Protein chains: 2
Amino acid sequence: MMAAMLTTTTTMILPLLLCALSACALPAGTAALPLPGSSVQLQVRYFDQILDHFNFNSQGDKTYKQRYLVSDQYWEKGVGPIFFYTGNEGDIWAFANNTGFMIELAQEFKALIVFAEHRYYGESLPFGKDSFRLDTIGLLTIEQALADFAVLLDSIKQNFGAQKSKVVSFGGSYGGMLSAYFRMHYPHLVDAALAASAPIPFVSGQGDPLQFFRDVTADFEKYNPKCPDIVRAGFIELKKLADKQEWAQIAQRMRLCQAPSSAADVRHMYGWARNTFTYLAMLDYPYAASFMGSLPANPVNVACDLLLNSKDPLDGLMQAVALFYNTSGTAKCLDPAAEFIECADPTGCGLGPDSLAWDYQACTEINLLCSTNNVSDMFPALPYTAAARREYCAKRWGVVPRETWLATQYWGKDVNSSSNIIFSNGNLDPWGNGGFQHDVGGNVAVKVIGGAHHLDLRYSNPADPESVVTARKLESALLHTWLAV
Amino acid sequence: MMAAMLTTTTTMILPLLLCALSACALPAGTAALPLPGSSVQLQVRYFDQILDHFNFNSQGDKTYKQRYLVSDQYWEKGVGPIFFYTGNEGDIWAFANNTGFMIELAQEFKALIVFAEHRYYGESLPFGKDSFRLDTIGLLTIEQALADFAVLLDSIKQNFGAQKSKVVSFGGSYGGMLSAYFRMHYPHLVDAALAASAPIPFVSGQGDPLQFFRDVTADFEKYNPKCPDIVRAGFIELKKLADKQEWAQIAQRMRLCQAPSSAADVRHMYGWARNTFTYLAMLDYPYAASFMGSLPANPVNVACDLLLNSKDPLDGLMQAVALFYNTSGTAKCLDPAAEFIECADPTGCGLGPDSLAWDYQACTEINLLCSTNNVSDMFPALPYTAAARREYCAKRWGVVPRETWLATQYWGKDVNSSSNIIFSNGNLDPWGNGGFQHDVGGNVAVKVIGGAHHLDLRYSNPADPESVVTARKLESALLHTWLAV
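Residues numbered from 1 in each chain as written. Chains lettered and ligands numbered in written order. Predicted model: local features only at pLDDT ≥ 70, side-chain atom pairs only at ≥ 80, totals over all residues. Heavy atoms only, no water.

Participant: Let's hear about the overall build of chain A: which residues, and what values?
Facilitator: In terms of helices and strands, chain A carries 17 helices and nine strands. Computed over C-alpha atoms, the radius of gyration of chain A comes to 22 Å, within 12% of the 23 Å expected from 2.2 N^0.38 for 485 residues, which places it in the range of a compact globule. Principal axes of the C-alpha set define a box for chain A whose edges measure 70 × 50 × 40 Å. Expressed as a percentage of the 485 residues in chain A, the buried residues total 64%. Long-range contacts, defined here as pairs at least 24 residues apart, represent 70% of the contacts in chain A between residues at least 6 apart. For chain A, the computed accessible surface area is about 15,900 Å², with 54% contributed by carbon and sulfur atoms. Charge separation in chain A, taken as the distance between the mean sites of 36 positive and 47 negative side-chain charges, equals 1 Å. (Helix = DSSP H or I, 4+ residues; strand = E, 2+ residues; numbered from the N terminus. Rg over C-alpha atoms; globule rule 2.2 N^0.38 Å. Buried < 20%, exposed > 50% of the residue type's maximum accessible area, 1.4 Å probe, protein only. Contact = heavy atoms within 4.5 Å. Areas by Shrake-Rupley, 256 points an atom, 1.4 Å probe, with all protein chains shown as cover. Lys, Arg positive; Asp, Glu negative; His and termini not counted. Charge placed at Lys NZ, Arg CZ, Asp CG, Glu CD.)

Here it is, written out as structure tokens:
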């Protein structure tokens, strides 16, 4: 797990961080595999999925192997509902391992459990290792992913004799967006959805570009108003050294494996350092999060204490960064080049093949214009404009982002016509204010005070704040009501 | 108009029949053109439409010219609604010329009028005359067409300062399906829909393959129970001659330009003759339909009288067929080869480029398995199976039809989650029983007794049956209610 902390960084959703290195590396096959923290055995299966749902000629009737995990252990055959996790940007095991609440609920509802992997992630690669070329990546869209889920669900219903089963889609973050979209676009298949930490308006380009990092900053301020000041001071000190090109000094103070040597290196280092705080805020759970290895309970507080007790702001910055990239303390130096890749998503794309797919999505439909300005947030000014995105995406993937498309195709913030979707958000989650904070249409907003990124989806834990216990009870009650109709 | 009757035949929806030869051939440009039967002037405009909405790499940011017609003559600027016709399988002028009720309503509602052409039809050809090749036709799907409408509507709202305007989509037959789908999939853009004669369940593969021609037969039976008997007897006589290979005799009796000479010719002739009755039933309007040239009022009754007064059944069959293919009586002989092409749609694809596009759609998403069996209908047994469709479509277009896709993607008969859609159907329309005959979800079914194919969409006419007058009043009242919310 330590290695993972050093070699993978961020994505919009964290569970996939460790994907390639930990739980995700579970052996494939049709054998049932135990889900850690539960008595459920998940079967690994592969579905011959249509390659291109939206063009009958481009790929003919070619298919690819879409992976999904399934368990009928709790299912009341033919009667109980189907709980369908709409996999997001990573290996499906990462989500199965970190969506314990769905397992707990499945037991309560006697539900069939399905975790469906998103195309172009994990093992569900339409063109194998060649899936990320310009001539093969184009089939990676939200539309294709949702159509995959719909076709797979149809097939599962038939194969399990579950034609009469109601269906609830589940998902967190981008997966939460998908679970909501799945209900919105396929309501004849999906009766209700739990969309946890789903920043639908923001990702549709209908949010405030400064909101995300302002809220990251606010998380640190909540613990101690001095913390953001120290972070800000640390970055200023770093900038002074960079302005004077004191590269060796920077390397020494930040304990870098390799000194920066250009403005580009400095910018990269800023992004790498900022990323620490993004993730500490998103992962600010009240207990050591198992999928983040040894990341301690309440990591924002831990980082804040390091900042408050440091000998000077730059030292504090270094310690906070090391908490994230070298949690175990075993690495001798920090390596921004290996630990962070700048991409179309300013909150990070991670590393490895999954990061390529996410970078592509952030260059096409997923519209993540988050900037820092050093005024409303504690970070160096790193503006990220539509023009910068266009330039990067043209160069990297040969595509022109369609900035209003997501709002057109998936309704943006106007979801008044939909119903039976739970939009849950934690007040510690920097994505929260990019989502729905109030009831809208026939949907219910659930607030989790003291909750970070989709805390409610995780297994119940003795350290859970009361609010998430209540939120989960409410979510269960809403689903009972909606499924009873 | 006569020429048109001889050289074009059927499609699922008739207005496009005469498209290439009559109203559709109006000069293009941005000048306002008068709409016959109304004082409205429609401007012809072209929109730079995204070529591929569902793959960012296949066409890059290439666009094509999508044609649309617009009039703000009645519009209360910034306040009145937008009435948006979702163009179907033909030249958009054909629909503009035959959807007078929308014009009448626009005056009443002070609405902005838009008729949007469907890609691959009329002038909206993504690759010009090369649009029907195997490497270019693949971008013809319902999804792309709806996305076109959504993107165009967004643009119109912006350009006209109509951001606050409510939107009603209108359409008949396949266009009616699209108008309903537009509301279902883009409810943030479309507030209500009038889906006239939209056989959604049937076209989704959820109907009875024998229903269509049974209902064609029933139309003739309604006028006089002897009529179907004569038609049936005529076809039996024809079959006897064919079985004996009396080709010259067939040509003489049916007044064919060229005698058949094979079983395939006979089958083609059966389809051509059957097509007559399909269209007489669909077009069984109580007045001479202007867009069908000289087709008389109540053509089913006229044909029936010809049958009843004929010297023998085969003579009656010939006269009925001539009523459709040689309405004017000026052609010296009938020419099945020129007047009818067998295609993936057993109710006909018409002729010309539009027919190619429709044939492709009937080979991919549009699932039209109508058969005749000579038991529940008056026609020769012409079974059309899924296997036959697959074989034809593989050979013609290199595609494999996806038989359940439409029901998955567009909900099939389960539209319970949608609202504000009027599903109107006439009891004389053979498509009627393939549509929604009862209220479903938040939608209202409107029955038009004495109405053929989307009669309600046409201009008011003194010969209209009382039921369509009432139906239109109800449709207006429903839209007033829904738009007032």
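Here the narrative resumes.
Participant: Tell me about the interface of chain A and chain B, residues and numbers included.
Facilitator: Listed per partner, the contact involves 42 residues of chain A and 42 residues of chain B. Of the roughly 3,400 Å² buried between chain A and chain B, counting both surfaces, carbon and sulfur atoms make up 55%. The largest contributions to the chain A side of the interface with chain B come from F54, F56 and R402 of chain A, which together make up 25% of the buried area. At the surface where chain A touches chain B, the tally comes to zero salt bridges. The interface formed by chain A and chain B holds 20 residue pairs in polar contact (both at pLDDT 80 or more) in total. Those elements that place two or more of their residues in the side of chain A that touches chain B are α4 (142-160), α5 (174-185) and α16 (405-409) of chain A. The element best represented in the side of chain A that touches chain B is α4 of chain A, accounting for six residues. (Buried area = accessible area lost by both parts, 1.4 Å probe. Salt bridge = Lys/Arg side-chain N within 4 Å of Asp/Glu carboxyl O. Polar contact = N/O pair within 3.5 Å; in protein donor to acceptor, adjacent residues only side chain to side chain.)

Participant: Can you break down the state of the cysteines residue by residue, with the values?
Facilitator: On inspection of all chains with the given rule, the structure shows eight disulfides over all chains. A sulfur-sulfur distance of 1.9 Å marks the disulfide that ties C257 of chain A to C333 of chain A. One disulfide, between C257 of chain A and C333 of chain A, carries an S-S torsion of 95° and so falls in the right-handed class. One end of the pair, C257 of chain A, is in the loop between α9 (247-254) and α10 (263-282); the other, C333 of chain A, is in the loop between α12 (313-325) and α13 (336-339), and 76 residues separate them in sequence. When its relative accessible area of 28% is taken as the criterion, C333 of chain A is described as partly exposed. One disulfide bridge connects C343 of chain B with C349 of chain B, the sulfur atoms lying 2.1 Å from each other. Given an S-S torsion of about 90°, the disulfide between C343 of chain B and C349 of chain B has right-handed geometry. Residue C343 of chain B is classed as buried on the basis of its relative accessible area of 13%. Of the residues examined, C349 of chain B reaches a relative accessible area of 2% and is grouped as buried. Looking at the unpaired C370 of chain A, the closest cysteine sulfur is the one in C343 of chain A, lying at 11 Å. (Disulfide = S-S within 2.5 Å.)

Participant: I'd like to hear about α5 of chain A, residue by residue, with values.
Facilitator: For an α-helix, the turn length of 3.6 residues means that residues three or four places apart are oriented alike. Taking 1.5 Å per residue as the helical rise, α5 of chain A with its 12 residues ought to reach 16 Å, and the 16 Å between its terminal C-alpha atoms agrees with that figure. Taken across its 12 residues, α5 of chain A has 12 buried, putting it largely inside the fold. (Expected span 1.5 Å × (residues − 1).)

Participant: So what's going on with empty space enclosed by the protein? Residues and values would help.
Facilitator: Scanning the model with the defined rule gives four cavities of 30 Å³ or more in all. Lining the largest cavity are 14 residues; nearest its centre among them are H185 and Q409 of chain A together with E143, H185 and Q409 of chain B. Of all elements in the fold, only α4 of chain A together with α4 (142-160) of chain B reach the threshold of two or more residues within the lining of the largest cavity. Partitioned by chemical class, the residues of the lining of the largest cavity number eight nonpolar, four polar and two charged. (1 Å grid on protein atoms, 1.4 Å probe; cavity = no way out; pocket = protein on both sides within 12 Å on 5 of 7 lines; lining within 4 Å. Points joined across faces, edges and corners; volume = space filled by probe spheres on them. Nonpolar A, V, L, I, M, F, W, Y, C, P; charged D, E, K, R; others polar.)

Participant: Lay out unusual backbone geometry in plain terms, naming residues and giving numbers.
Facilitator: Despite not being glycine, H454 of chain A shows a phi value in the positive range, around 35°. Locating H454 of chain A in the fold gives a position in the loop between β9 (442-448) and α17 (466-484).

Participant: Provide a residue-level description of the nonpolar core, including the pertinent values.
Facilitator: Of all hydrophobic cores here, the largest spans 326 residues; its most connected members are F84 and F277 of chain A together with F277 of chain B. Other than its neighbours up to four places away in sequence, F277 of chain A contacts V216, F220, V231, F235, L307, L317, A320, M378 and F379 of chain A. (Core = buried A, V, L, I, M, F, W, Y, C linked by side-chain atoms within 4.5 Å.)

Participant: How would you summarise helix α15 (residues 386-397) of chain A if you had to cite specific residues and measurements?
Facilitator: Residues and elements named next belong to chain A. Spanning 12 residues, α15 covers 16 Å between terminal C-alpha atoms, matching the ideal 16 Å at 1.5 Å per step. Taken together, the buried positions of α15 are R389, C393 and W397. In a view along the axis of α15, the buried residues occupy a sector of 25°, so they form one face of it. α15 presents E391 and K395 as exposed residues on the side facing more than 90 degrees away from its buried surface. On its buried side, α15 packs onto α14 (353-363). At the exit of α15 stands G398, carrying a positive phi of roughly 65°. (Arc of directions from axis to C-beta.)

Participant: Can you break down the pattern of salt bridges residue by residue, with the values?
Facilitator: Residue and element names in this part refer to chain A. For the structure on display, the rule yields 36 salt bridges over all chains. Here D312 ties to R253 by a salt bridge, and the two come within 2.9 Å at their closest N and O atoms. Of this pair, D312 sits in the loop between α11 (299-308) and α12 while R253 sits in helix α9, and the two are 59 residues apart along the sequence. The network of salt bridges with shared partners includes R67, D91, E117 and E123.

Participant: An account of the relation of the copies chain A and chain B is needed here, citing residue identities and associated values.
Facilitator: For the pair chain A and chain B, the superposition axis carries a translation of 0.0 Å, the fit reaches an RMSD of 0.0 Å, and the rotation angle comes to 180°. The transformation just described matches what one would write down for a two-fold rotation axis. No C-alpha of chain A lies nearer the rotation axis than that of H185 of chain A, which sits 3.1 Å from it. Mapped onto chain B, 100% of the interface residues of chain A are again interface residues, and the two copies thus contact each other with one and the same surface. (Least-squares fit on C-alpha atoms with pLDDT ≥ 70 in both.)

Participant: So what's going on with the pairing of strand β6 (residues 167-172) of chain A? Which residues, and what values?
Facilitator: All names here are of chain A. Burial analysis of β6 places six of its six residues in the buried class, the great majority of the element. A two-sided burial pattern is seen for β6, the buried positions comprising V167, S169 and G171 on one face and V168, F170 and G172 on the other. By the bridge criterion, four bridges tie strand β4 (residues 82-86) to β6 in an arrangement that is parallel. Within β6, the position partnered with F83 by the bridge is V168. Pairing between β6 and strand β7 (residues 192-196): five bridges, direction parallel. Directly across from G171, in β7, lies its bridge partner A195. With respect to chirality, the unit in which β6 leads through α5 into the neighbouring parallel β7 is right-handed. (Pairing = 2+ DSSP bridges. Right-handed = clockwise from strand over helix to strand, strands pointing away.)

Participant: Residues and numbers for the environment of G412 of chain A, please.
Facilitator: All names here are of chain A. Locating G412 in the fold gives a position in the loop between α16 and β8 (419-426). Separated by 210 residues in sequence, G412 and F202 have C-alpha atoms that sit 8.2 Å apart. Apart from residues no more than four positions distant in its own chain, G412 is found in contact with I200, S204, Q206, L406, A407 and F436.

Participant: Describe the layout of surface pockets, with residues and values.
Facilitator: By rolling a water-sized probe across the atoms, one finds the places where empty space is left. By volume, the largest pocket amounts to about 980 Å³. In terms of lining, the largest pocket is formed by 32 residues, of which the most central are T404, W405, A407 and T408 of chain A together with D154 of chain B. Going through the elements one at a time, α6 (200-206) and α16 of chain A together with α4 of chain B are the ones with two or more residues in the lining of the largest pocket. The greatest single-element share of the lining of the largest pocket, amounting to five residues, is contributed by α4 of chain B. Looking at side-chain class alone, the lining of the largest pocket contains 11 nonpolar, 14 polar and seven charged residues. Taken together, 33 residues line the second largest pocket, and the ones lying closest to its centre are D154 of chain A together with T404, W405, A407 and T408 of chain B. At the level of elements, β2 (41-50) and α4 of chain A together with α6 (200-206) and α16 (405-409) of chain B are the ones that each hand at least two residues to the lining of the second largest pocket. A total of six residues in the lining of the second largest pocket trace back to one element, the largest contributor, which is α4 of chain A. Per-class residue counts for the lining of the second largest pocket are 11 nonpolar, 14 polar and eight charged.

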